[in-house]
Amino acid sequence: MKRTFLGEFEEIVLLTVAILGEEAYGVTVTQELEQKTGRSVGFSSVHTTLQRLEEKGFLASQMGGATAERGGRRKRFFTVTATGRKALVEVKQVREELWAALPTQTLQLMGG
Amino acid sequence: MQHTPPRWAKTLLKWWAAPNTSEEVEGDLLELYNHWVATVGERKANWNYTLNAIKLLRPFAKDQRSQFPRTYLYSPTMIRNYFKIAFRNLLKHKGYSFINVAGLAIGMTVAMLIGLWIYDELSFNQYHRNYERIGQIRSISTEPSTGVSEGSPHMPIPMGAALKENYKHLFSKVLVSWAVSDYTLKLNEKNLTGRGHFVEPGILEMLSLKMLKGSYGSLKDPHSIVLSKSMAAAIFGSTDPINQSLKIDNAIDVKVTGVYEDMPKNSRFGEVQFFSPWDLFVSSNAWVKENVNFWGNTSFGIYVELQPNVSLETAQAGLKDFYAKNVPTDFMKLLESYKPEIFVYSMPQWHLYSDFTDGRPAGGRVTFVWLFGIIGISVLLLASINFMNLSTARSEKRAKEVGIRKAVGSLRTQLIGQFFSESFLVVLLSFVISCGLIILALRWFNELADKAISLPFTNGYFWAGSIAFILLTGLLTGIYPALYLSSFQPLKVLKGTFKAGRFAAVPRKALVVVQFTVSVVIIIGTMVVYQQIQHAKNRPVGYNQESLITIGLNDPNYKDKYDVFKRELLNTGAVSNVALSNSPLTSIWNRSSGFTWKDKAPETPSGFNKIRVTSDFGKTIDWKIIAGRDFSDEYKSDSAGVILNEAAAKYIGLKNPIGEYIKTEDGKFVWQIVGVTKDMVIQSPYEPINGTFYFLDSRKVSSQMTIRIKPTVGTTEALAKIETVFRKLVPSAPFDYKFVDDVYSQKFSQEQRIGQLSMLFAVLAIFISCLGLFGLASFVAEQRTKEIGIRKVLGASVSNVWQMLSKDFVILVIIACVIAAPIAYYFMNEWLQKYTYRTEISWWIFAAAGVGALIITLLTVSFQAIKAALMNPVQSLKSE
């Protein structure tokens with residue numbers, strides 16, 4: 001199977017969804033991301049990324065939880081699929097392998 | 001407080017965001033927006049919301065939740081296809097297309113002409129910027145003995161001063177004036193007649209005239225005159241008119257101080273060619289000077305302009321007790337029993353509401369605006385019905401196309417769209433043609449309607465109106481075919497079992513009945529209008545109008561020259577008689593009350609027309625004395641004599657009036673009745689004749705000369721001779737004559753105009769209806785080709801077939817006539833009620849209209865019927 005490439009932003013969005021668990025939808029993901037990373041994230045880019053991740057099969061979604069604040073509109077809750085989890089784990093492994101392969105001197109120079 | 005994001009951004013998002021995620025996106029953004037408002041403030045929140053919304057627009061995204069691709073309505077390819085098919089259909093059936101386009105083009109032309117006409121009527125007087133605040137003072141008084149109220153625009157001069165002084169809070173301007181009249185303007189030896197208005201100087205500003213030379217203050221100089229541009233050009237040519245001297249009526253010296261741009265024809269003041277100050281009128285007319293402070297002479301007009309913040313209602317209310325507060329008590333005593341009051345007759349009413357009931361405006365030309373509006377819509381409807389009928393009649397031909405389109409996936413909405421696009425195409429084509437027709441017909445129409453209308457191509461409203469008009473017509477013509485044709489079921493149509501049922505033709509027939517009902521109503525209406533005009537024209541005038549001319553003697557040099565004039569004119573050999581009178585033969589300038597006679601009941605109103613005539617008046621106009629005798633120079637006592645007309649004699653009610661006396665109530669004047677003449681129609685030919693007194697003008701100073709030309713002498717020759725006499729005796733005055741019968745026939749001009757217009761519309765209406773009938777007949781004949789073939793083989797004759805085909809249509813037209821007759825009777829009877837001297841609507845009008853419609857129908861249908869009946873059955877039966 002051809003491995004689907006996971007971009008950097010996609011990766012953190014996917015991770016955030018995983019962190020939020022049951023409560024992951026557009027708004028919470030955006031706010032969580034802003035808090036955790038400290039960078040200002042546009043809602044539109046988060047939304048687009050969530051859509052793309054769903055298309056790739058890393059996320060599944062279902063509708064629910066309409067509130068008055070939203071003008072009676074439902075939320076689209078996202079959950080990470082098995083493929084999604086696998087992809088996250090793979091990315092983590094690759095990172096760890098790469099970190100492990102780093103010469104100790106270089107690591108020290110980086111202050112690690 | 002609840003904050004909401006910018007509406008336009010919300011709408012944008014709703015319309016153009018990706019359809020399958022729009023719900024949660026809208027919700028999420030709303031939630032975030034509230035968060036932003038709380039954290040970074042509303043402005044930033046708005047900005048964030050908009051930015052995100054714009055970023056999320058996916059205008060080309062399709063709804064992916066559905067399993068099948070959605071057909072969408074506005075695919076350019078499909079629209080191109082619709083138009084292609086529409087064009088092919090138009091070209092394939094040239095005959096039907098011609099009927100449709102020609103009918104619609106004519107219908108639209110009529111509707112647009114009427115639209116322009118109505119626009120012109122409604123915009124009357126709107127040239128004046130403050131027209132809503134301008135008005136004229138009118139009075140109402142009630143005759144105590146009869147309780148009849150009458151109104152008048154004629155006011156006494158001191159009323160102007162009273163309004164100016166005590167009603168400043170209501171009126172910003174109060175202008176006293178003398179009625180617009182004809183004057184001669186003289187420059188050196190050149191003489192011109194022009195219509196002039198003597199009025200207080202504020203008039204230029206009140207009417208917001210465009211001053212080309214001079215200013216709104218130009219009339220302040222008491223000897224000034226302000227000319228219209230065309231009048232200035234007529235007098236002075238290209239030389240500068242400012243400060244040039246002119247003489248009005250060869251008596252009043254004035255200096256030109258201003259020139260204004262001509263007012264358009266659709267303004268009450270459009271005919272006025274010059275203005276001069278009121279003070280000049282006062283100072284040059286002794287009788288006016290005497291009346292400056294006299295409340296008893298009501299001969300003058302008063303214009304007012306309301307203060308900007310005063311409403312018309314406030315002004316009317318403020319004037320309620322005008323008489324009690326302002327008129328001197330001794331004078332008020334005389335008036336009290338008449339309950340006089342005044343009100344402002346506002347400019348927007350002047351044109352359309354010029355008929356008065358009990359002294360208050362009630363209707364007028366506005367009736368014709370309604371009438372023609374209805375006719376315009378009706379004619380357009382007739383043309384639309386043609387389109388509907390021909391489209392649905394030929395539906396079987398299009399049924400297969402509809403079936404296939406539906407089978408390959410067309411939705412009903414798309415088919416509706418397709419058939420609408422076809423009707424829009426036809427309407428658009430017709431619109432272009434009708435614009436051309438209007439350009440061609442406009443000059444002629446203007447002449448007919450006495451207007452100066454042009455197609456306002458540069459006016460944005462015109463284009464907006466045109467587009468609305470096209471859409472409306474397209475909708476009107478297209479809606480029925482579109483709904484009908486798109487309702488076919490593909491299965492039936494394609495299997496070939498589709499047959500329009502027995503009742504499919506019922507709506508079509510109903511529409512034909514509607515068409516002919518409308519046409520027949522218009523035809524009957526036209527005939528009644530003509531009958532009424534003819535009726536009034538045939539009314540005996542009571543004197544001989546032939547080769548009678550009248551001249552107004554508007555020059556002081558005519559004074560004391562009457563005897564010379566008479567001698568010289570008779571010497572030419574072209575004139576059989578000459579007379580003077582103080583009203584022309586076609587109107588009454590004087591009317592008084594306060595007369596009494598033997599056995600008069602004290603409460604009887606005593607208003608009579610008064611005409612002062614010379615003793616040769618009767619012989620000149622050839623009136624008919626039915627009792628007593630005419631005035632004669634031989635009886636010196638005739639200077640205190642009076643001749644009554646029949647109406648007056650009947651009113652006075654004396655068995656033998658000759659020799660009796662008419663007195664003024666104060667007894668100062670007494671006249672003896674010397675004769676009674678047959679009634680003469682002097683005022684409106686539609687009204688009963690008023691009682692009239694003819695007094696003898698023994699000093700021979702009246703201002704209207706009537707001349708009878710000898711019937712044996714040619715008119716041109718006679719006029720040349722008469723002119724030489726005038727030139728010789730009063731060279732300072734222009735020789736400006738009118739034929740009495742011409743002036744008289746102008747009394748019919750409004751009715752005649754309406755008659756001609758409705759005649760035109762009637763002809764077009766019936767033409768359009770027949771076009772449609774022609775199309776339907778040809779369709780029926782085509783559809784029944786086989787049947788006709790078989791009938792002929794079995795021995796039917798041509799006339800049998802002709803009867804069979806014509807019968808259906810004839811029945812429809814008869815039904816239409818039956819429906820139309822009472823409708824037409826009702827409306828025309830209403831119309832006639834406004835004339836006192838009116839014709840009866842006779843039965844033959846209905847018969848003639850019905851028979852006429854039938855004959856036209858038969859002619860139209862027969863062409864197709866006979867063509868079908870003459871066909872060789874071998875030809876029609878050999879296929880299959």
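Student: Tell me about the overall build of chain B, and name the residues and values.
Tutor: Helix and strand counts for chain B come out as 30 helices and 25 strands. Relative to its length of 880 residues, chain B is extended, with a C-alpha radius of gyration of 37 Å against a globular reference of 29 Å. Taken along its principal axes, the extent of the C-alpha atoms in chain B is 110 × 95 × 60 Å. The burial tally for chain B puts 36% of its 880 residues in the buried class. For chain B, the share of sequence-separated contacts (at least 6 apart) that also reach a separation of at least 24 residues comes to 81%.

Student: Tell me what's going on with the overall build of chain A, and back it up with residues and numbers.
Tutor: Secondary structure assignment for chain A yields 5 helices and 2 strands. Ordered by position from N to C terminus, the α and β elements of chain A give α-α-α-β-β-α-α. Computed over the C-alpha atoms, the radius of gyration of chain A is 17 Å, more than 25% above the 13 Å expected from 2.2 N^0.38 for a compact globule of 112 residues. A principal-axis box enclosing the C-alpha atoms of chain A has dimensions of 60 × 35 × 20 Å. Here chain A holds 112 residues, and the buried ones make up 26% of them. Considering only residue pairs separated by 6 or more positions, chain A has 45% of its internal contacts joining residues 24 or more positions apart.

Student: Tell me about the pairing of strand S3 (residues 171-187) of chain B, residues and numbers included.
Tutor: Residue and element names in this part refer to chain B. Summarising the sheet, S3 and strand S10 (residues 301-306) pair through 6 bridges and their orientation is antiparallel. Directly across from lysine 173, in S10, lies its bridge partner glutamate 305. Note that S3 and strand S4 (residues 190-199) share 9 bridges and pair antiparallel. Opposite serine 177, over in S4, you have valine 199 as the bridge partner. What sits between S3 and S4 in their antiparallel hairpin is a turn of 2 residues, with asparagine 188 showing a positive phi close to 50 degrees. One ladder, built from 2 bridges, connects S3 with strand S7 (residues 245-248); its direction is antiparallel. Bridge pairing in S7 places lysine 186 opposite lysine 247.

Student: Now, about helix H21 (residues 562-571) of chain B: what can you tell me, with residues and values included?
Tutor: All names here are of chain B. Among the residues of H21, Tyr562, Phe565, Lys566 and Leu569 are the ones counted as buried. Angularly, the buried residues of H21 cover 95 degrees about the axis, an arc narrow enough to put them on a single face. Across H21 from its buried face, at more than 90 degrees, point the exposed residues Asp563, Val564, Arg567 and Asn571. Looking at the buried residues of H21, the elements they touch are strand S15 (575-581), strand S24 (704-709) and helix H24 (715-729).

Student: For the nonpolar core, give the residues involved together with the corresponding values.
Tutor: Residues and elements named next belong to chain B. One finds Val379, Val520, Ile524, Phe761, Ala765 and Ala865 to be the most contacted residues of the largest nonpolar core, which totals 79 residues. Looking at this core, the elements with two or more residues in it are helix H5 (94-122), helix H15 (366-393), helix H17 (412-449), helix H20 (506-537), helix H26 (749-783), helix H28 (798-832) and helix H29 (843-869). In terms of residues, this core owes the most to one element, H5, which gives 14 residues. The residues touching valine 520, leaving out its near neighbours within four places in the chain, are Ala816, Cys817, Ala820, Ala849 and Ala853. Core analysis: the second largest hydrophobic core is formed by 54 residues, Ile134, Val304, Phe343 and Met347 among them.

Student: Account for the interface of chain B and chain A, with residues named and values stated.
Tutor: With 15 residues of chain B at the interface, the matching set in chain A holds 15 residues. Mapped onto the side of chain B that touches chain A, the elements with two or more residues apiece are helix H2 (22-40) and helix H3 (42-55) of chain B. Per-element accounting of the side of chain B that touches chain A gives the leading share, 11 residues, to H2(B). Taken together, the residues that form the side of chain B that touches chain A break down as 5 nonpolar, 4 polar and 6 charged.

Student: Please set out the domain arrangement of chain B residue by residue, giving values where relevant.
Tutor: Frequently, the measure chosen for interface size is the accessible area removed from exposure when the parts meet. Parsing chain B into structural domains produces domain 1 (7-55), domain 2 (131-350), domain 3 (368-534 + 749-878) and domain 4 (548-744). A separation of 55 Å is found between the C-alpha centroids of domain 1 of chain B and domain 3 of chain B.

Student: I'd like a description of the environment of B:Ile479, backed by residues and values.
Tutor: Residue placement: B:Ile479 occurs in helix H18 (residues 460-485). Classification of B:Ile479 by C-beta neighbours within 10 Å gives partly exposed; the count is 16.

Student: Tell me about unusual backbone geometry, and name the residues and values.
Tutor: All names here are of chain B. The backbone of serine 208 sits at a positive phi, close to 45 degrees, despite the residue not being glycine. In this structure, serine 208 sits in the loop between helix H7 (203-206) and strand S5 (211-213). The phi dihedral of aspartate 249 is positive, around 50 degrees, even though this residue is not glycine. Relative to the helices and strands, aspartate 249 is located in the loop between S7 and strand S8 (252-260). Residue aspartate 249 is classed as partly exposed on the basis of its C-beta count, with 18 C-beta atoms lying within 10 Å.

Student: For the packing of H20(B) against H29(B), give the residues involved together with the corresponding values.
Tutor: Packed helix pairs are specified by the crossing angle of their axes together with the interaxial distance, meaning the distance between the axes. All names here are of chain B. Following both chains from N to C, one finds H20 and H29 inclined at 135 degrees, their axes separated by 10 Å at the closest point. Between H20 and H29, the angle is such that the two are oblique. When the axes of H20 and H29 are compared, the crossing they make is right-handed. In contact with Phe516, Ser519, Val520, Ile523, Ile524, Met527, Val528 and Gln531 of H20, H29 contributes Ile845, Phe846, Ala848, Ala849, Gly852 and Ala853. A class-by-class count of the residues in the contact of H20 with H29 yields 11 nonpolar, 3 polar and no charged.

Student: Mind laying out the confidence of the model for chain A, listing which residues take part and the relevant values?
Tutor: Reading fine detail from the predicted coordinates is not recommended where pLDDT is low. Model confidence for chain A is summarised by a mean pLDDT of 86, while 96% of its residues fall at 70 or above. The weakest mean pLDDT in chain A belongs to helix H5 (residues 104-109) of chain A at 82; the strongest belongs to strand S2 (residues 75-80) of chain A at 92.

Student: I'd like to hear about the confidence of the model for chain B, residue by residue, with values.
Tutor: All names here are of chain B. Mean pLDDT over chain B works out to 86, with 97% of the residues at or above the 70 mark. Strand S16 (residues 591-592) is the least confidently modelled element of chain B, averaging 75 in pLDDT, while strand S9 (residues 274-277) averages 94, the highest of any element. Confidence metrics for the complex model read pTM 0.71 and ipTM 0.86.

Student: Summarise the environment of B:Val426; cite the residues concerned and give the values.
Tutor: Residues and elements named next belong to chain B. Following the sequence through the fold, valine 426 ends up in helix H17. Its 23 C-beta neighbours within 10 Å are what place valine 426 among the buried residues. Residues valine 426 and phenylalanine 387 lie 39 residues apart in sequence; the distance between their C-alpha atoms is 9.2 Å. Leave out the neighbours within four places in its chain, and valine 426 touches Asn100, Val101, Leu104 and Phe387.

Student: Lay out the packing of H26(B) against H29(B) with the relevant residues and their values.
Tutor: Residue and element names in this part refer to chain B. One can describe the packing of H26 onto H29 by two numbers: an axis separation of 9 Å at closest approach and a directional angle of 25 degrees. When the axis of H26 is compared with that of H29, the two are roughly parallel. Crossing geometry of H26 relative to H29 is assigned as right-handed. Only Ile856, Thr857, Thr860, Val861, Gln864, Ala865, Lys867 and Ala868 of H29 make contact with H26, whose side of the interface consists of Ile766, Cys770, Leu773, Phe774, Ala777, Ser778 and Ala781. Of the residues in the contact of H26 with H29, the class split is 10 nonpolar, 4 polar and 1 charged.

Student: Could you give me a rundown of the environment of B:Ala17, with the residues and numbers involved?
Tutor: Note that B:Ala17 resides in the loop between helix H1 (7-16) and H2. Between the C-alpha atom of B:Ala17 and that of B:Asn590, which follows or precedes it by 573 residues, the distance is 81 Å.

The rules behind the values
Residues numbered from 1 in each chain as written. Chains lettered and ligands numbered in written order. Predicted model: local features only at pLDDT ≥ 70, side-chain atom pairs only at ≥ 80, totals over all residues. Helix = DSSP H or I, 4+ residues; strand = E, 2+ residues; numbered from the N terminus. Rg over C-alpha atoms; globule rule 2.2 N^0.38 Å. Buried ≥ 20, exposed ≤ 12 C-beta atoms within 10 Å, placed from the backbone. Contact = placed C-beta atoms within 7 Å. Pairing = 2+ DSSP bridges. Arc of directions from axis to C-beta. Core = buried A, V, L, I, M, F, W, Y, C linked by C-beta atoms within 7 Å. Nonpolar A, V, L, I, M, F, W, Y, C, P; charged D, E, K, R; others polar. Domains from an automatic or database assignment. Axes fitted to C-alpha atoms, helices over the stretch in contact; angles between N-to-C directions. Parallel < 35°, antiparallel > 145°, perpendicular 65-115°, else oblique. Left-handed = near helix turned anticlockwise from the far one by under 90°. pLDDT = per-residue confidence, 0-100.

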